[in-house]
Amino acid sequence: MSEFTEDCLLGGRVSLIQPAKGHRAGTDAVLLAASAFVKAGDSVVDIGASTGAVGLMVAARERQVRLAFVERDAALADLCRRNCRENEVEAEIYVTDVLDKAARRSAGLHPETADLVVTNPPFLEEGQARISPDEGRAAAHALPAGGLEGWLKACLGLLKPKGRFALIHRADRLASCLEGLCGPLGEVKLRFVHPSAEKPAIRVLISGTKASRAPLTILPPLILNGPDGRFSPQALALHLGEADLL
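Residues numbered from 1 in each chain as written. Predicted model: local features only at pLDDT ≥ 70, side-chain atom pairs only at ≥ 80, totals over all residues. Heavy atoms only, no water.

**Student:** Describe the overall build of the protein, and please don't skip the residues or the numbers.
**Tutor:** The helix and strand tally for the protein stands at eight helices and 13 strands. For the protein, whose C-alpha radius of gyration is 17 Å, the value lies close to the compact-globule estimate of 18 Å for 246 residues. Dimensions of the protein along its principal axes, counting C-alpha atoms only, are 50 × 50 × 40 Å. Burial statistics for the protein: of 246 residues in total, 49% are counted as buried. For the protein, restricting intrachain contacts to residue pairs at least 6 apart in sequence, the fraction spanning at least 24 positions comes to 65%. (Helix = DSSP H or I, 4+ residues; strand = E, 2+ residues; numbered from the N terminus. Rg over C-alpha atoms; globule rule 2.2 N^0.38 Å. Buried < 20%, exposed > 50% of the residue type's maximum accessible area, 1.4 Å probe, protein only. Contact = heavy atoms within 4.5 Å.)

Quick look at the structure:
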């Protein structure tokens, strides 16, 4: 069995080499990229990028961007570089811990330089749940205790005033996310993601604009699967790159 798989995203518009085991890009990455407003000339930073799926899907929608990836795992960062080459995308790769301010600065990440920051942070914090014994999966899924606040602060610190932010997280972490975002971020938009129409939300998509005073909006929910267990028409169109969530 190969150590890596070669996968296609957005109906083949993005190719992605990623580890066969551990954390792998899938629906969360597709939904996050689809909810990120991007325009030509933007400086886009993908925080906690892993193998680059989210940033590459954003770039597939708008090629004229300046793209950067931030990933602390050197092996995943190498795969991200490889994926950029495979997709003919020019990008900066920063191998650093986003929670370490000094390390960010040393790596070359400077405050208030990004027009758009996208992030799919680790969903758990130490002590909240049993962490996977797989090192790669554990690193992708767990932050130090209190780490989400620091992660969000770092993301917002990289944004220019009026820069845009997009995040996907577990629906049950909404309160913690809003606590870290409200204040610096305005024009906040929430969209809940449900596995099916009759089940509670499992994810929340959050976007907003730095230093905006516009009010919060709750957008229509996204239902991933129909009664037959297959993707809903909207979810299928998102996975094929034929729709977005803007």
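**Student:** Break down the layout of surface pockets for me, with residues and values.
**Tutor:** Considering only enclosed or pocket space, the second largest pocket measures out at about 300 Å³ in volume. Lining the second largest pocket are 18 residues, with Ser35, Phe37, Lys189, Ser207 and Leu246 sitting closest to its centre. Listed by contribution, the elements that provide at least two residues to the lining of the second largest pocket are β9 (159–170), β10 (185–194) and β11 (203–210). Among the elements that line the lining of the second largest pocket, the one with the most residues is β11, at five residues. Per-class residue counts for the lining of the second largest pocket are ten nonpolar, four polar and four charged. (1 Å grid on protein atoms, 1.4 Å probe; cavity = no way out; pocket = protein on both sides within 12 Å on 5 of 7 lines; lining within 4 Å. Points joined across faces, edges and corners; volume = space filled by probe spheres on them. Nonpolar A, V, L, I, M, F, W, Y, C, P; charged D, E, K, R; others polar.)

**Student:** Give me the lowdown on helix α2 (residues 53–61), citing residues and values where you can.
**Tutor:** Among the nine residues in α2, eight count as buried, and that is most of the element. By the burial criterion, the buried members of α2 are Ala53, Val54, Gly55, Leu56, Met57, Val58, Ala59 and Ala60.

**Student:** Requested: an account of a nonpolar patch on the surface, with residues and values cited.
**Tutor:** Residues Phe231, Leu236 and Leu240 make up a contiguous nonpolar surface patch of roughly 250 Å² in combined accessible area. On the accessibility criterion, leucine 240 (35% relative accessible area) is partly exposed. (Patch = residues over 30% accessible without salt bridge, like charges linked within 9 Å, V, L, I, M, F, W, Y side chains within 5 Å. Areas by Shrake-Rupley, 256 points an atom, 1.4 Å probe, with all protein chains shown as cover. Salt bridge = Lys/Arg side-chain N within 4 Å of Asp/Glu carboxyl O.)

**Student:** So, the packing of helix α1 (residues 27–34) against α2: which residues are in play, and what are the values?
**Tutor:** Across the interface, α1 lies against α2 with an axial gap of 9 Å and an inter-helix angle of 40 degrees. Classified by the angle between their axes, α1 and α2 sit oblique to one another. As α1 runs across α2, the sense of the crossing is right-handed. Residues Ala29, Val30, Leu32, Ala33 and Ala34 of α1 lie in contact with α2, whose contacting residues are Ala53, Val54, Met57, Val58 and Arg61. Considering only residue class, the contact of α1 with α2 consists of nine nonpolar, no polar and one charged. (Axes fitted to C-alpha atoms, helices over the stretch in contact; angles between N-to-C directions. Parallel < 35°, antiparallel > 145°, perpendicular 65-115°, else oblique. Left-handed = near helix turned anticlockwise from the far one by under 90°.)

**Student:** Could you give an account of the environment of aspartate 115, naming the residues involved and the relevant values?
**Tutor:** Summarising the element assignment, aspartate 115 is placed in strand β6 (residues 114–119). Residue classification places aspartate 115 among the buried residues on the basis of a relative accessible area of 14%. C-alpha separation for the pair aspartate 115 and serine 43, spaced 72 residues apart in sequence, amounts to 5.1 Å. Excluding anything up to four places from it in sequence, aspartate 115 contacts Gly41, Asp42, Ser43, Arg66, Leu159, Lys160, Gly163 and Arg164. Looking at aspartate 115, its side chain comes within polar contact range of the main-chain nitrogen of serine 43, at 2.8 Å. Side-chain polar atoms of aspartate 115 contact the side chain of lysine 160, separated by 3.3 Å. (Polar contact = N/O pair within 3.5 Å; in protein donor to acceptor, adjacent residues only side chain to side chain.)

**Student:** Can you explain the nonpolar core? Please cite residues and give values.
**Tutor:** In this structure, Leu31, Met57, Val58 and Phe69 are the most contacted members of the largest nonpolar core, which totals 40 residues. Of all the secondary-structure elements, those providing two or more residues to this core are β2 (14–19), α1, α2, β4 (66–70), α3 (74–86), β6, β9 and α8 (233–239). Per-element tally for this core: the top contributor is α2, with seven residues. Not counting the four nearest positions on each side in its chain, valine 58 is found in contact with Ala33, Ala36, Val38, Val44 and Leu116. With 29 residues, the next largest nonpolar core counts Leu109, Ala114, Trp151 and Leu159 among its residues. (Core = buried A, V, L, I, M, F, W, Y, C linked by side-chain atoms within 4.5 Å.)

**Student:** Any details on the pairing of strand β5 (residues 91–94)? Residues and values, ideally.
**Tutor:** Two elements, β4 and β5, share four bridges in a ladder whose sense is parallel. By the bridge assignment, valine 70 is partnered in β5 with tyrosine 94. In this view, the connection linking β4 to its parallel neighbour β5 by way of α3 has right-handed handedness. (Pairing = 2+ DSSP bridges. Right-handed = clockwise from strand over helix to strand, strands pointing away.)

**Student:** Residue-level account of the environment of aspartate 7, with values.
**Tutor:** Position of aspartate 7 among the secondary structure elements: in strand β1 (residues 4–9). When the C-alpha positions of aspartate 7 and glutamate 125 are compared, they lie 29 Å apart, and in sequence the two are 118 residues distant. When sequence neighbours within four positions are dropped, the list of residues in contact with aspartate 7 reads Val14, Ser15, Leu16, Gln18 and Arg24. Here glutamine 18 takes part through its side chain, which lies 2.8 Å from a polar atom of the side chain of aspartate 7. Looking at aspartate 7, its side chain comes within polar contact range of the side chain of arginine 24, at 3.1 Å.

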